Amino acid sequence: MKNNVLNLGLRKQVDDCKPYIAGETEAAVLKKYGLNEVVKLGSNENPFGPYDNAKKAMQESINLLNRYPEDDYVDLTATLAEINNLSVTNIALGSGAGNVIETVARLLLDEGDEVMVAKPTYRLYREVSILMGATIKDIPVNSDFTYDLCAMRQQITNKTKLIWLCNPNNPTGVISDKNELEEFIATVGENVWIVLDEAYADFINDGQRPEITELLQDKKLIVIRTFSKFYGMAGARVGYIMAQAPVIKAFDTITEPFCVNRVGLFAARATLLNDQDQAAKIKDFLLKERTRVSESLTAKGFLVIPSSSNFIFAKLPNNLDSTEICEQLMAKGVIIRECNAWGYPEYVRITVGKKEENDFLLNKLEEII
Ligand SMILES: *Cc1c(COP(=O)(O)O)cnc(C)c1O
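In this text the structure is predicted, and so the values were computed from the model without any measurement. (Residues numbered from 1 in each chain as written. Predicted model: local features only at pLDDT ≥ 70, side-chain atom pairs only at ≥ 80, totals over all residues.)

### Overview of the site of the ligand
Residues in close proximity to the ligand total 13 residues, the closest being G96, A97, G98, T226 and S228. Looking at the shell around the ligand residue by residue, the classes come out as five nonpolar, seven polar and one charged. (Near = placed C-beta within 6 Å. Nonpolar A, V, L, I, M, F, W, Y, C, P; charged D, E, K, R; others polar.)

See below:
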């Protein structure tokens, strides 16, 4: 889709960018279909957040909103450093992972650089890279939806600047084997940057999550995390990166000052320090629900791809079309994500919600499939 911006005098790369497709909101769907109940399972949010201590801290932060945040976000940065076994010089914050992804692209990419992305993966990597003038190499995933790390390695050229990795991957929920991923990061060519987006890493089962602390010491590696999903704070907009100190310094130099707000800063720190028990219980619950929903979908004829996250990627039965089914569900008050835009017109992505939300989805599916 060309935006025809050239005659407005905008940058030519803007013309090649596609708008981010956000999930539908509850309010919009309520209004559009005149419903009185809508269940939102389309954006991988955590329906149980924010947790108790995060909420308390948010309320306290309100009294300080006449002031800018500290420009080095010192308290949250120190807490993150401690939890991740790193120094404060290895951490930089942004207003959500989306914001840090964009800043990372501005930090690394030049006109003519090549970047690699898996196909399918989170779409924002592509758009921010194109905006910087980079060209995209899509590397299709394997038939089991794992990353084809061999193909990625083989396709590296002297123009390859950056490989975007997402683990667990969005929209599939699939993880790379821990050892294979660590080995890939450790041995990929010296001139190639790796950005590892761990937006959902806290949902990975124990023992299957890559150990990145050591790799961060001597590799061209940037790891991205967010409070949006596991900690249920998508509306508070806090994300961060971990990298070597000079990278962090450069990142902080070019990022927008004060882009993380006080409400998010207070809440993120409080939730890290004091909400871990609650977060762990909710994680267990969501993973049990993921199994229950997956089994129900399988019984209805879906092909469910085993997930390591808080969402399920599944192939519809009987060659049904993703966009059509999602439209029909929406008219009945259920928002899930169609996967046409990722090139998977027979697949849907479903966020695991509260028990009653998942039941609502399964009941509505029963009515149309
Ligand atoms: C949701 C998501 C993000 C963006 O998270 P925010 O912190 O809310 O901006 C980034 N990467 C992936 C893979 C995501 O699914």
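### Regarding the UniProt feature "domain: Aminotransferase class I/classII large" (unreviewed entry) in the protein chain
According to UniProt, the feature "domain: Aminotransferase class I/classII large" (unreviewed entry) maps to residues 37-364 in the numbering used here. Here residues 37-364 runs as 39% helix and 17% strand, with 12 Å between its end C-alpha atoms. (UniProt positions renumbered as here; feature names shortened; annotations may be inferred. Helix = DSSP H or I, 4+ residues; strand = E, 2+ residues; numbered from the N terminus.)

### Comments concerning the sheet that holds strand β4 (residues 135-140)
One open sheet holds the seven strands; their spatial order is β2-β8-β7-β6-β5-β3-β4, and the pairing between them is mixed. The sheet terminates laterally at β2 (91-94) and β4, the two strands that pair on one side only. Averaged over all pairs of adjacent strands, the angle between their axes in this sheet comes to 25°, without regard to strand direction. Sheet topology places strand β6 (residues 193-197) next to strand β7 (residues 221-226); four bridges connect them, and they run parallel. When the bridges of β7 are listed, D197 appears paired with I224. Sheet contacts for helix α4 (residues 97-108): β2, β5 (160-166), β6, β7 and β8 (239-242); angle to β8, the most-contacted strand, approximately 40°. (Pairing = 2+ DSSP bridges. Axes fitted to C-alpha atoms, helices over the stretch in contact; angles between N-to-C directions. Contact = placed C-beta atoms within 7 Å.)

### Quick notes on the UniProt feature "modified residue: N6-(pyridoxal phosphate)lysine" (unreviewed entry) in the protein chain
In the numbering adopted here, UniProt assigns the feature "modified residue: N6-(pyridoxal phosphate)lysine" (unreviewed entry) to K229. Along the chain, K229 turns up in the loop between β7 and β8. The contact partners of K229, leaving out residues within four places of it in the chain, are N44, N46, A199, Y200 and N310.

### Notes on the domain arrangement of the protein chain
Segmentation of the protein chain into domains returns domain 1 (6-36 + 277-368) and domain 2 (59-274). Taking only C-alpha atoms, the centre of domain 1 and the centre of domain 2 are 24 Å apart. In this complex, domain 1 contributes 22 residues to the contact, which on the side of domain 2 involves 23 residues. Elements with a contribution of two residues or more to the side of domain 1 that touches domain 2: α11 (276-299) and β10 (311-315). (Domains from an automatic or database assignment.)

### Overview of the pairing of β7
Within β7, six of the six residues are buried, which leaves it mostly tucked inside the rest of the structure. As paired elements, β7 and β8 share four bridges and run antiparallel to each other. Within β8, the residue paired with I224 across the bridge is I241. (Buried ≥ 20, exposed ≤ 12 C-beta atoms within 10 Å, placed from the backbone.)

### Quick notes on the packing of helix α3 (residues 74-83) against helix α10 (residues 262-274)
Across the interface, α3 lies against α10 with an axial gap of 9 Å and an inter-helix angle of 30°. One finds that α3 runs roughly parallel with respect to α10. For the pair α3 and α10, the sense of crossing is left-handed. Each of D75, L76, T79 and I83 in α3 lies in contact with α10, whose residues at this interface are L265, A268, R269, L272 and L273. Tallied by class, residues from the contact of α3 with α10 come to six nonpolar, one polar and two charged. (Parallel < 35°, antiparallel > 145°, perpendicular 65-115°, else oblique. Left-handed = near helix turned anticlockwise from the far one by under 90°.)

### A closer look at the nonpolar core
The biggest cluster of nonpolar side chains holds 102 residues, and the ones touching the most others in it are I194, V195, I224 and I241. The greatest single-element share of this core, amounting to seven residues, is contributed by α4. For this core, the two domains that each supply at least three residues are domain 1 (6-36 + 277-368) and domain 2 (59-274). Residues within four places of I224 in sequence aside, it is in contact with A97, V100, I101, V195, L196, D197, E198, A199, G239 and I241. (Core = buried A, V, L, I, M, F, W, Y, C linked by C-beta atoms within 7 Å.)

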